[in-house]
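# Topology and contacts: notes
Each chain, written out:
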Number of protein chains: 2
Amino acid sequence: MRPGRQILTKAMSMNNFTLHTPTKILFGKGQVAQLREQLPRDARILITYGGGSVVRSGLLAQIRSELAGMTLFEFGGIEPNPTYETLMGAVELARAERVDFLLAVGGGSVLDGTKFIAAAAHYDESRDPWHILETVGNEVRSAIPLGAVLTLPATGSEMNMGAVVTRRSSGDKVHFFSPFVMPRFAVLDPVLTYTLPARQVANGVVDAFIHILEQYLTYPVNAKVQDRFAEGLLLTLLEEGPKALVEPENYEVRANIMWSATLALNGLIGAGVPQDWATHMLGHEITALHGLDHAQTLAVVLPALLQAKRQQKHAKLLQYAERVWDLRSGSEAERIDGAIAATRDFFERMGVKTRLRDYGVADAGIDTLLGKLAEHGMTAIGEHGDIDLVQSQHIYEAAW
Amino acid sequence: MRPGRQILTKAMSMNNFTLHTPTKILFGKGQVAQLREQLPRDARILITYGGGSVVRSGLLAQIRSELAGMTLFEFGGIEPNPTYETLMGAVELARAERVDFLLAVGGGSVLDGTKFIAAAAHYDESRDPWHILETVGNEVRSAIPLGAVLTLPATGSEMNMGAVVTRRSSGDKVHFFSPFVMPRFAVLDPVLTYTLPARQVANGVVDAFIHILEQYLTYPVNAKVQDRFAEGLLLTLLEEGPKALVEPENYEVRANIMWSATLALNGLIGAGVPQDWATHMLGHEITALHGLDHAQTLAVVLPALLQAKRQQKHAKLLQYAERVWDLRSGSEAERIDGAIAATRDFFERMGVKTRLRDYGVADAGIDTLLGKLAEHGMTAIGEHGDIDLVQSQHIYEAAW
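Note that the coordinates shown come from a computational prediction; the quantities given were computed from them, not determined experimentally. (Residues numbered from 1 in each chain as written. Chains lettered and ligands numbered in written order. Predicted model: local features only at pLDDT ≥ 70, side-chain atom pairs only at ≥ 80, totals over all residues. Heavy atoms only, no water.)

## Some thoughts on the overall build of chain A
From N to C terminus, chain A includes 15 helices and eight strands. Structurally, chain A occupies a C-alpha span of about 65 × 45 × 45 Å along its principal axes. The buried share among the 400 residues of chain A stands at 61%. Partitioning the intrachain contacts of chain A with sequence separation of at least 6 by distance along the chain shows that 78% fall at a separation of at least 24. (Helix = DSSP H or I, 4+ residues; strand = E, 2+ residues; numbered from the N terminus. Buried < 20%, exposed > 50% of the residue type's maximum accessible area, 1.4 Å probe, protein only. Contact = heavy atoms within 4.5 Å.)

This is the structure we're talking about:
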């Protein structure tokens with residue numbers, strides 16, 4: 001059976017959608033100065049952050065001074081791939097201190113972790129808040145309101161209602177969605193990203209790029225605006241990503257990347273169109289088993305997945321080849337090969353390797369990866385639900 | 001002095017911006033069925049509408065039936081270019097019946113009128129609500145919450161905080177802005193647009209197209225995402241506009257146009273970039289004096305204005321020529337001429353004439369138009385504030 005082929009011959013139209021993005025964006029140089037007026041005057045505010053970078057950069061001190069006289073608490077130490085174990089400490093603090101606003105200062109991990117804290121603190125105290133993840137957020141009925149000061153453009157968490165949390169004890173990395181954890185506001189100051197290490201910059205660009213492809217490289221439904229917007233974001237990241245590595249203090253470059261990463265996953269380009277996300281599902285297991293960064297796993301899986309699904313994604317791969325890579329001559333197969341190769345090359349130019357063996361991994365551990373996929377119910381993924389364990393095995397092999 | 005030239009040689013970067021678009025969009029076929037759950041259960045709801053088309057199409061009856069059992073009031077007769085005189089009748093009704101939700105059913109005029117009703121009903125009762133317009137919305141402190149069922153894609157009013165209102169007694173056509181009148185939700189069902197008269201379809205496409213150009217054709221500030229998004233919307237309207245005239249019941253065409261028109265003026269493509277709006281200002285006076293439709297005046301003014309300002313808009317006109325019209329050969333001047341001519345030709349193909357003399361106007365009345373511009377303080381308009389009355393005269397003459 002070839003579901004892709006079937007679908008390509010059918011006239012498809014945009015799906016109905018609901019789009020609600022109430023996050024207020026404060027974009028630009030020095031916007032931290034507007035923080036105070038975004039916060040309820042008498043709020044009891046918990047500032048959440050990650051490692052020491054916001055301390056070293058002086059950002060945390062600046063925020064404390066902007067909010068002088070307000071009731072502030074702090075919780076640091078939220079790790080990359082934030083864990084349930086760590087976050088529950090903040091939940092306890094928030095409950096004990098009757099915190100009624102959360103201010104996340106950091107990147108996607110701090111934001112995702114803060115979303116969990118927000119929902120868990122309001123969750124039925126007689127139940128383990130891990131249940132929020134097990135029910136994908138469906139049982140969330142309220143949350144502490146939250147806002148963000150973003151320091152790392154990548155995940156889009158600052159303007160969406162999703163979060164990914166890891167449980168160290170079981171090795172699970174799972175997500176939940178709830179409109180109650182959509183940030184009320186997000187401060188996006190490109191200057192705050194000047195001091196990011198190159199690896200984080202590269203990861204962020206690759207992460208955002210692949211978020212866009214997960215929503216774009218499926219099959220056509222004649223959603224012209226969503227397609228054009230996705231292509232516009234891809235072109236911007238292609239042009240600006242490499243520049244950010246060589247000109248870290250170029251404001252315009254940083255601004256264009258920051259705004260692209262937010263719009264890559266705020267619901268806009270995904271409204272009414274089919275979505276894939278299989279690259280993310282396969283990648284999560286690689287992070288869990290081998291400890292690669294999230295973006296590294298995506299860069300490893302994506303080229304292999306696009307080759308494996310080139311028939312089902314035929315029409316969109318051709319459109320991608322033409323509009324993003326300007327590949328207009330040669331056979332269709334050549335153009336598709338060219339687009340996939342160019343994508344891989346872009347990740348490599350950003351310094352993100354695209355083969356699992358390049359990360360010093362001795363053995364791909366494919367049986368273990370497939371076992372975990374099965375355990376997590378990921379046996380029918382992708383936009384057609386046709387990527388089963390056999391196909392996942394093939395993709396992991398090709399990603400080696 | 002040539003402010004355009006000066007600015008072109010300066011390195012420009014994106015302006016800081018605040019973007020807040022909390023309107024919930026319910027897009028697609030049959031979405032009116034979701035209306036009930038958007039409304040507060042015990043609300044006293046005033047349904048506002050225009051002429052008889054929503055009665056004839058059965059939409060009003062369908063909405064009444066969706067909302068059966070709720071407390072409903074109705075106010076019809078809001079005209080194109082809604083007037084203060086008419087709207088004040090609804091303000092009285094809303095106050096007398098203690099209405100606490102407004103549901104606008106119609107196009108941009110009904111929406112703009114309903115925004116005025118919303119703000120005026122909450123305005124200090126000892127003062128004339130016309131003052132809201134005189135202070136451009138700055139004195140609005142609250143408004144009746146409102147939602148919309150859109151029947152005509154054009155103005156973008158369904159997802160922004162602006163409104164234009166006319167006072168019949170004085171012939172003033174003025175606007176106001178307030179976050180309090182941003183719709184809570186908007187139902188966008190492309191099927192509702194199947195029965196629109198061709199003239200309204202064409203006007204809507206031209207109106208949306210020129211909204212985009214007012215925010216795009218200025219000078220570069222290296223806002224790559226906003227530029228790409230604007231170009232994507234322009235290309236979509238170019239491709240789909242003419243099809244809507246010959247295939248009125250093509251769902252995909254209607255859906256792409258409807259979504260483009262909303263995104264053309266919801267703040268997204270205008271965030272952080274310079275904006276022009278002189279075409280609108282010059283056009284408003286033509287509507288007031290000669291009674292042309294809003295979009296007709298824009299189609300008349302824009303090509304003349306682009307020629308007059310081609311030096312200041314040089315870089316963006318070249319980008320527009322290349323990315324929207326695929327004009328890549330010939331001298332720069334030829335490409336710019338080509339892009340302006342193609343724009344004019346597009347409006348004509350949509351059936352919207354682009355010269356004032358084509359509308360059966362005996363005399364342009366330029367002195368009167370200039371007098372009104374002066375009266376309304378429009379003596380330094382455009383993205384550089386350098387269009388004075390002399391230049392406006394020149395543009396009006398070229399638009400004849």
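## Some words on the domain arrangement of chain A
All names here are of chain A. As far as domains go, chain A holds domain 1 (24-193) and domain 2 (198-399). Between domain 1 and domain 2, the C-alpha centre-to-centre distance is 27 Å. Listed per partner, the contact involves 24 residues of domain 1 and 23 residues of domain 2. Roughly 1,900 Å² is buried in total at the junction of domain 1 and domain 2, and carbon and sulfur atoms are behind 63% of that figure. It is P153, A154 and K173 in domain 1 that bury the most area against domain 2; as a group they hold 25% of the surface buried on that side. Where domain 1 packs against domain 2, one counts five residue pairs in polar contact (both at pLDDT 80 or more). Elements that contribute at least two residues to the side of domain 1 that touches domain 2 include exactly β1 (17-27) and β7 (172-177). (Domains from an automatic or database assignment. Buried area = accessible area lost by both parts, 1.4 Å probe. Polar contact = N/O pair within 3.5 Å; in protein donor to acceptor, adjacent residues only side chain to side chain.)

## What to know about the pairing of strand β4 (residues 101-106) of chain B
Residues and elements named next belong to chain B. Of all six residues in β4, six are buried; the element is thus mostly enclosed. Of the two faces of β4, the one lined by F101, L103 and V105 and the one lined by L102, A104 and G106 are each fully buried. Where strand β2 (residues 44-49) meets β4, five bridges bridge the pair, whose relative direction is parallel. The partner of T48 across the bridge, within β4, is A104. Pairing of β4 with strand β5 (residues 146-150) involves five bridges; the strand directions are parallel. In the sheet register, L102 faces β5, and the bridge partner there is L146. (Pairing = 2+ DSSP bridges.)

## Side note on the environment of I25 of chain A
Relative to the helices and strands, I25 of chain A resides in strand β1. Residue I25 of chain A is classed as buried on the basis of its relative accessible area, which comes to 0%. Leaving out residues up to four positions away in the same chain, I25 of chain A has contacts with M159, A186, L188 and W259 of chain A together with F17, T18 and L19 of chain B.

## Topic: the interface of chain A and chain B
Each partner contributes residues to the interface: chain A has 41 residues there, and chain B has 41 residues. Summing the contributions of chain A and of chain B, the shared interface buries around 3,600 Å²; its carbon and sulfur component is 57%. For the interface between chain A and chain B, the tally reads six salt bridges. In this structure, the salt-bridge partner of K224 of chain A is E240 of chain B, at a minimum N-O distance of 3.1 Å. Connecting chain A to chain B are 20 residue pairs in polar contact (both at pLDDT 80 or more). Of all the secondary structure elements, the ones that give two or more residues to the side of chain A that touches chain B are β1, α8 (224-246) and α9 (251-264) of chain A. The element contributing the most residues to the side of chain A that touches chain B is α8 of chain A, with twelve residues. Within the side of chain A that touches chain B, the residues separate by chemical class into 18 nonpolar, 15 polar and eight charged. (Salt bridge = Lys/Arg side-chain N within 4 Å of Asp/Glu carboxyl O. Nonpolar A, V, L, I, M, F, W, Y, C, P; charged D, E, K, R; others polar.)

## Describing the pattern of salt bridges
All names here are of chain A. Scanning the model with the defined rule gives 40 salt bridges over all chains in all. One salt bridge in this structure joins R328 and D326, with 2.6 Å as the shortest N-O distance. Like R328, the residue D326 is exposed in the burial classification.

## Some thoughts on unusual backbone geometry
All names here are of chain A. Here R98, not a glycine, exhibits a phi torsion of approximately 45 degrees, which is positive. Tracing the sequence through the fold places R98 in the loop between α4 (84-96) and β4 (101-106). Exposure remark for R98: the relative accessible area of 57% places this residue in the exposed category.

## Considerations on the UniProt feature "domain: Fe-containing alcohol dehydrogenase-like C-terminal" (unreviewed entry) in chain A
Here the UniProt-annotated "domain: Fe-containing alcohol dehydrogenase-like C-terminal" (unreviewed entry) positions come out as residues 202-385 of chain A. As a span, residues 202-385 of chain A carries 64% helix and 0% strand, and end to end its C-alpha atoms are 30 Å apart. (UniProt positions renumbered as here; feature names shortened; annotations may be inferred.)

## Remarks on the packing of helix α10 (residues 278-290) of chain A against helix α14 (residues 366-375) of chain A
All names here are of chain A. Orientation of α10 relative to α14, taken along the N-to-C sense of each, is 120 degrees, at an axis distance of 10 Å. Classified by the angle between their axes, α10 and α14 sit oblique to one another. Viewed along their axes, α10 and α14 form a crossing whose handedness is right-handed. Touching M281, L282, E285, I286 and L289 of α10 are T368, L369, K372 and L373, all from α14. Among the residues making up the contact of α10 with α14, the classes are represented as six nonpolar, one polar and two charged. (Axes fitted to C-alpha atoms, helices over the stretch in contact; angles between N-to-C directions. Parallel < 35°, antiparallel > 145°, perpendicular 65-115°, else oblique. Left-handed = near helix turned anticlockwise from the far one by under 90°.)

## Section: the packing of aromatic side chains
Within this structure, the stated rule accounts for 23 aromatic pairs over all chains. Ring centres of F17 of chain A and F27 of chain B lie 4.8 Å apart, and the angle between their planes is 0 degrees; on these two criteria the pair is classed as stacked. With F17 of chain A in strand β1 and F27 of chain B in strand β1 (residues 17-27), this residue pair bridges two chains. Across this residue pair, the class does not change: F17 of chain A and F27 of chain B are buried. One aromatic cluster is present, built from ring pairs that chain together F17 of chain A together with F27 and W259 of chain B. (Phe/Tyr/Trp six-rings, centres within 6.5 Å; stacked < 30°, edge-to-face > 60°.)

## Things to note about helix α12 (residues 314-323) of chain A
Burial runs high along α12 of chain A: seven of the ten residues are buried. Among the residues of α12 of chain A, H314, K316, L317, L318, Q319, Y320 and A321 of chain A are the ones counted as buried.

## A look at the sheet that holds β2 of chain B
Judged by pairing direction, the sheet is mixed, and its twelve strands sit side by side in the order β3(A)-β2(A)-β4(A)-β5(A)-β8(A)-β1(A)-β1(B)-β8(B)-β5(B)-β4(B)-β2(B)-β3(B) without closing on themselves. Both edges of this open sheet fall to β3 (71-75) of chain A together with β3 (71-75) of chain B, since each of them pairs with a single strand only. Ignoring strand direction, the axes of neighbouring strands in this sheet form an average angle of 25 degrees. Along the sheet face, helix α5 (residues 108-121) of chain B touches β2, β4 and β5 of chain B and points at about 165 degrees away from the line of β4 of chain B.

## Description of the nonpolar core
By size, the foremost hydrophobic cluster in this structure holds 252 residues, and its most contacted members are Y320 of chain A together with Y320 of chain B. Residues within four places of Y320 of chain A in sequence aside, it is in contact with F209, L213, Y216, L217, L234, W325, A339 and T343 of chain A. (Core = buried A, V, L, I, M, F, W, Y, C linked by side-chain atoms within 4.5 Å.)

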